[in-house]
Amino acid sequence: MRYLIIGAGAIGTYLGVNLAHAGQEVTFLARPATAAHLRAHGLSLTTAEGEVRRIAAPQVAASPAEALENSRYDAALLALKTYHTPAFLESIAPWRAQFPPVVCLQNGVEAEAVLAAFLGEGQVLAGTVTTAVARRAAGQATVERPRGVGLTANHPLAEPLAAALQAAGVATRLYPNGAAMKWSKLLTNLLGNATSAILDMPPAEIFAHPDLAHLETAQLREALAVMAALGLPVVDLPGVSVRRLAWAIRWLPQLLLQPLLQKAVGSGRGGKMPSFHIDLHGGRGQTEVDALNGAVVRYGKRLGIPTPVNRTLTETLQALTQGELALEAFRHKPEALLRRVAAQP
Ligand SMILES: NC(=O)c1ccc[n+]([C@@H]2O[C@H](COP(=O)([O-])OP(=O)(O)OC[C@H]3O[C@@H](n4cnc5c(N)ncnc54)[C@H](OP(=O)(O)O)[C@@H]3O)[C@@H](O)[C@H]2O)c1
């Protein structure tokens, strides 16, 4: 099959290099500066075992026009951060009618509907990546925790794509309920993410603090209440027992929950800081908080479910990224964040 990989960051490099390594035809669509870098230096993926897989002379397109004018693909794998999606969709507007089916690998629960409205129902396949990958530089990525990929089963591409990913060494599972898969991933994304960025603290320290651990539990309970109201079951994902996490959040007293979460979060991430922390403190000026905690707030509002913790985390982190609040206002100051949550109506 022929693949168009949209975005040569951590996930695009992880999947594109593995597919190419397994003999698939892969083209990377990157923005001009990154495209030039890939053409000059190739791509490389360091596996969890330390093997370095290189593509010395990759197929690279520096614009949708270059990618699509004379080429056809069986599938496009969307590996952009959610905040880059609007500009990307605008850039492909002239090629809408001939765009290949898109596998949406982004975190969050709303992108598939946006893509389907733009490209047409049937042109979008929900996906989720549970492997943790760190981007070292343009076209250079390292697998931190190999887990796998989930794909929604109800699309003709699902089975051939799952077979190709499996053959490329990426454990892949099909899910009958794509929304349950994406929301289950969202639960894991919330853990220790916004708090870590806002307070500039590693997740292990967040979960060692009883009141912050309580805040973490509260944000997940809000998300679970939204899932229940939507009638979505929590499902396990490749390498991640999300059902066990949800059970513990729902039923365990805080005294037992805190050490469990501390252990799970400590061992689950490897040495990688959560993505919101990397995006805020790495100076990207944007995070995916609106697509994650923000989605819980939007759905909660629609369903009449209060989501004060997710709302505070979203608003605070957005104010920090936009420079409306100083980083120093919350750096290593749990009490400042806890006061802000307590002040919510
Ligand atoms: N990394 C992980 O471990 C992981 C795991 C599971 C899910 N995810 C999710 O997967 C998605 C991608 O994350 P990531 O970690 O791979 O992000 P990333 O490393 O930041 O990569 C995103 C890439 O998209 C590129 N890009 C932005 N706009 C573009 C455009 N218009 N055309 C082409 N390329 C464009 C960026 O290019 P430039 O080089 O020009 O900046 C960057 O290389 C996110 O939703 C994330 O939450 C990530």
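Residues numbered from 1 in each chain as written. Predicted model: local features only at pLDDT ≥ 70, side-chain atom pairs only at ≥ 80, totals over all residues. Heavy atoms only, no water.

S.K.: I'd love a proper account of the environment of Pro160, names of residues and values included.
M.R.: Of note, Pro160 is situated in helix H6 (residues 158–167). Judged by relative accessible area, Pro160 falls into the partly exposed class, the value being 36%. (Helix = DSSP H or I, 4+ residues; strand = E, 2+ residues; numbered from the N terminus. Buried < 20%, exposed > 50% of the residue type's maximum accessible area, 1.4 Å probe, protein only.)

S.K.: Provide a residue-level description of the side chain of Asn310, including the pertinent values.
M.R.: Tracing the backbone through its elements, the reader meets Asn310 in helix H15 (residues 308–321). A distance of 3.2 Å separates the side chain of Asn310 from the backbone oxygen of Gln219, its partner in a polar contact. One polar contact links Asn310 to Glu222, side chain to side chain, over a distance of 2.8 Å. Sequence-distant contacts of Asn310, defined by excluding residues within four places in its chain, comprise Leu190, Gln219, Glu222, Ala223, Asn293, Val296 and Val297. (Polar contact = N/O pair within 3.5 Å; in protein donor to acceptor, adjacent residues only side chain to side chain. Contact = heavy atoms within 4.5 Å.)

S.K.: Explain the sheet that holds strand E9 (residues 132–137) to me, and be specific about the residues and the numbers.
M.R.: Here four strands make up an open sheet; going across it, the order is E4-E3-E10-E9 and the pairing mixed. Pairing within the sheet leaves two strands with one partner each, and these edge strands are strand E4 (52–55) and E9. Strand-to-strand twist across the sheet, computed as the mean angle between neighbouring axes with direction ignored, equals 20 degrees. Sheet topology places E9 next to strand E10 (residues 140–145); five bridges connect them, and they run antiparallel. What sits directly across from Ala132, in E10, is Arg145. (Pairing = 2+ DSSP bridges. Axes fitted to C-alpha atoms, helices over the stretch in contact; angles between N-to-C directions.)

S.K.: Break down the sheet that holds strand E2 (residues 25–29) for me, with residues and values.
M.R.: Read from one edge of the open sheet, eight strands run E5-E2-E1-E6-E7-E8-E11-E12, paired in mixed fashion. The open sheet has two edge strands with one neighbour each: strand E5 (59–61) and strand E12 (172–175). Neighbouring strand axes in the sheet, compared pairwise and without regard to direction, differ in orientation by 25 degrees on average.

S.K.: I'd like a description of the pairing of E10, backed by residues and values.
M.R.: Of the strand pairs in this sheet, strand E3 (residues 43–46) and E10 are connected by three bridges, and their pairing is parallel. In the strand pairing of E10, Leu45 is matched with Ala141. Connecting E9 to the next strand, E10, in antiparallel fashion are two residues, including Gly139 with a positive phi near 70 degrees.

S.K.: Can you explain the site of the ligand? Please cite residues and give values.
M.R.: In the vicinity of the ligand there are 26 residues, among which Thr34, Val133, Arg135, Arg284 and Glu288 approach most closely. Contact between the ligand and Gly9: an oxygen atom at 3.4 Å from a main-chain N or O atom of the residue. Taking Asn107, its side chain carries an N or O atom lying 2.8 Å from an oxygen atom of the ligand. Coverage of the ligand by the protein chains reaches 89% of its 900 Å² of free accessible surface. Secondary structure elements with two or more residues in the shell around the ligand: helix H1 (10–21) and E9. Broken down by element, the shell around the ligand gets its largest block of residues, three residues, from E9. (Near = heavy atom within 4 Å. Areas by Shrake-Rupley, 256 points an atom, 1.4 Å probe, with all protein chains shown as cover.)

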